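Listed below, chain by chain, are the residues.
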Amino acid sequence: MTQPEVQVQEEEVGAGFRIAVVGAGGCGRMVLDVLLACGYESWIMGFYDDAHADLPGEVRGFPVLGDTWMLKSLLSVESVFVVVAITDNAARLRVANSIRALGGQFMSATHPAAYVSPEATVGDGSVICAGAALHPDAGLGSHCMVGSGAVLDRDATVGAGAWVSAGCVIGAGAAVGARTQLGYNSVIGRKTNVPDGTEIEALRYAGPDAGA
């Protein structure tokens, strides 16, 4: 599968721009929360989801407008910023690539309670939740999801379409591949290379009887 390279959002968003979210499930609700915290409420037009017929008509008051083909038709005549909010990393990249091929523009969003160094790079279509931190010269690829409290230390890089779960720490100089799934509170050591598509389990409390 062709991976989009890191493309930084350069368009200036101003009065009259519109935002569409692809995916009206749990990831979509998470993305909506970040967009609302950023003050974009009046510019969110709604959700597109291929399972729209089986979903409620609204998510927190924002309409579920149809499937991705309807969005793609809209993009042929109107300029809309898109966030692809699909939990599965490969599917998120596949949908994003198809929209990018049509000339679609992507919205990246960083919660006001997150910290992103001016020297860090964030790819378009990526979303950074409250409490996350990207330190100097960290690089986050396009269409990534970064959970609350996650940390990308200095010089760490994350490839396109990765999911960095809440509490995950990526050490200085580490290189995390595209489509990687990093579980809750997992730790990637300093200068560690993680291959594309790797799934790293969450650190979990198993209970007092574990291993008995």
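Residues numbered from 1 in each chain as written. Predicted model: local features only at pLDDT ≥ 70, side-chain atom pairs only at ≥ 80, totals over all residues. Heavy atoms only, no water.

Peer 1: Where do I start with the overall build of the protein chain in this structure?
Peer 2: Within the protein chain one finds 3 helices and 22 strands. Buried residues in the protein chain amount to 47% of all 212 residues. Sequence-distant contacts in the protein chain: of pairs separated by 6 or more residues, those separated by 24 or more amount to 37%. (Helix = DSSP H or I, 4+ residues; strand = E, 2+ residues; numbered from the N terminus. Buried < 20%, exposed > 50% of the residue type's maximum accessible area, 1.4 Å probe, protein only. Contact = heavy atoms within 4.5 Å.)

Peer 1: Quick question: what am I supposed to make of the pairing of strand S4 (residues 62–66) here?
Peer 2: Consecutive residues of a regular strand have side chains that alternate between opposite faces of the sheet. With 2 bridges connecting them, strand S2 (residues 44–48) and S4 associate as parallel partners. Counterpart to Tyr 48 in the pairing with S4 is Gly 66. Alignment of strand S3 (residues 58–59) against S4, held across 2 bridges, turns out to be antiparallel. Counterpart to Val 59 in the pairing with S4 is Phe 62. Here S3 folds back onto S4 in antiparallel fashion, the turn holding 2 residues, of which Arg 60 has a positive phi close to 50°. (Pairing = 2+ DSSP bridges.)

Peer 1: Explain the nonpolar core to me, please; I cannot follow it from the model alone.
Peer 2: In summary, soluble globular proteins display a tendency toward joint burial of nonpolar side chains. Counting 24 residues, the largest nonpolar core has Ile 19, Val 31, Leu 35, Phe 47 and Met 107 as its most contacted members. Among the elements of the structure, strand S1 (19–22), helix H1 (26–37), S2, S4 and strand S5 (81–84) are those that each provide at least two residues to this core. Among the elements that line this core, the one with the most residues is H1, at 5 residues. Here Ile 19 is in contact with Leu 35, Tyr 40, Trp 43, Ile 44, Met 45, Gly 46, Val 80, Phe 81, Val 83 and Met 107, once residues within four sequence places are set aside. The next biggest cluster of nonpolar side chains, apart from the first, holds 23 residues, and it includes Leu 140, Ala 150, Leu 152 and Val 158. (Core = buried A, V, L, I, M, F, W, Y, C linked by side-chain atoms within 4.5 Å.)

Peer 1: Can you help me understand the sheet that holds S5 in this one?
Peer 2: Sheet strands pair via backbone hydrogen bonds, and the direction of the pair is either parallel or antiparallel. Ordered by their spatial adjacency, 6 strands build an open sheet running S3-S4-S2-S1-S5-S6, and the pairing between neighbours is mixed. Of all strands in the sheet, those bounded by a partner on one side alone are S3 and strand S6 (105–106). In this structure, S1 lies alongside S2, joined through 4 bridges in parallel fashion. Looking across to S2, one finds that Ala 20 is bridged to Gly 46.

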